[in-house]
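Structural overview
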Amino acid sequence: MTDTPPDHLSNDPRSPHYDAAAMARGVGIRFNGSERRDVEEYCVSEGWIRVAAGRALDRRGQPLTVKLKGTVEPYFHLDA
């Protein structure tokens, strides 16, 4: 595996952008210069992240998400 995280990654196993190896390694997101721990999905090339919109759920029981645009910097957590 490379030292750079994927360009597009989702934490939902049903998504085509889900990568179990990257999720197991631990991916952190810096969005507009601040650390975010509530990111559901991100895309570096398009410059957006998806975060849960409060505690609201859709009709399938999945959290409703909001797309935020800005600078996305993913990184792998250091093995401690």
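See the structure above.
Cut-off values and rules
Residues numbered from 1 in each chain as written. Predicted model: local features only at pLDDT ≥ 70, side-chain atom pairs only at ≥ 80, totals over all residues. Heavy atoms only, no water. Helix = DSSP H or I, 4+ residues; strand = E, 2+ residues; numbered from the N terminus. Buried < 20%, exposed > 50% of the residue type's maximum accessible area, 1.4 Å probe, protein only. Phe/Tyr/Trp six-rings, centres within 6.5 Å; stacked < 30°, edge-to-face > 60°. Lys NZ or Arg CZ within 6 Å of the ring centre and 35° of its normal. Pairing = 2+ DSSP bridges. Axes fitted to C-alpha atoms, helices over the stretch in contact; angles between N-to-C directions.

**Topic: unusual backbone geometry**
For asparagine 32, which is not glycine, the phi dihedral falls at a positive 55 degrees. Inspection of the secondary structure assignment puts asparagine 32 in the loop between strand S2 (27-31) and strand S3 (34-36). Judged by relative accessible area, which is 47%, asparagine 32 ranks as partly exposed.

**A short note on the packing of aromatic side chains**
Considering all chains together, one arrives at zero aromatic pairs under this definition. Over the aromatic face of phenylalanine 76 sits the side chain of arginine 25, whose NZ or CZ is 4.0 Å from the ring centroid. One residue, lysine 67, lies across the ring of tryptophan 48, its end atom 4.7 Å from the ring centre.

**What to know about the sheet that holds S3**
Spatially, S3-S2-S7 is the arrangement adopted by the three strands of the open sheet, whose pairing is antiparallel. Both edges of this open sheet fall to S3 and strand S7 (72-76), since each of them pairs with a single strand only. With strand direction ignored, the average angle separating the axes of adjacent strands in the sheet is 35 degrees. Two elements, S2 and S7, share five bridges in a ladder whose sense is antiparallel. Bridge pairing in S7 places isoleucine 29 opposite proline 74.

None of this, on its own, says anything about what the molecule does.
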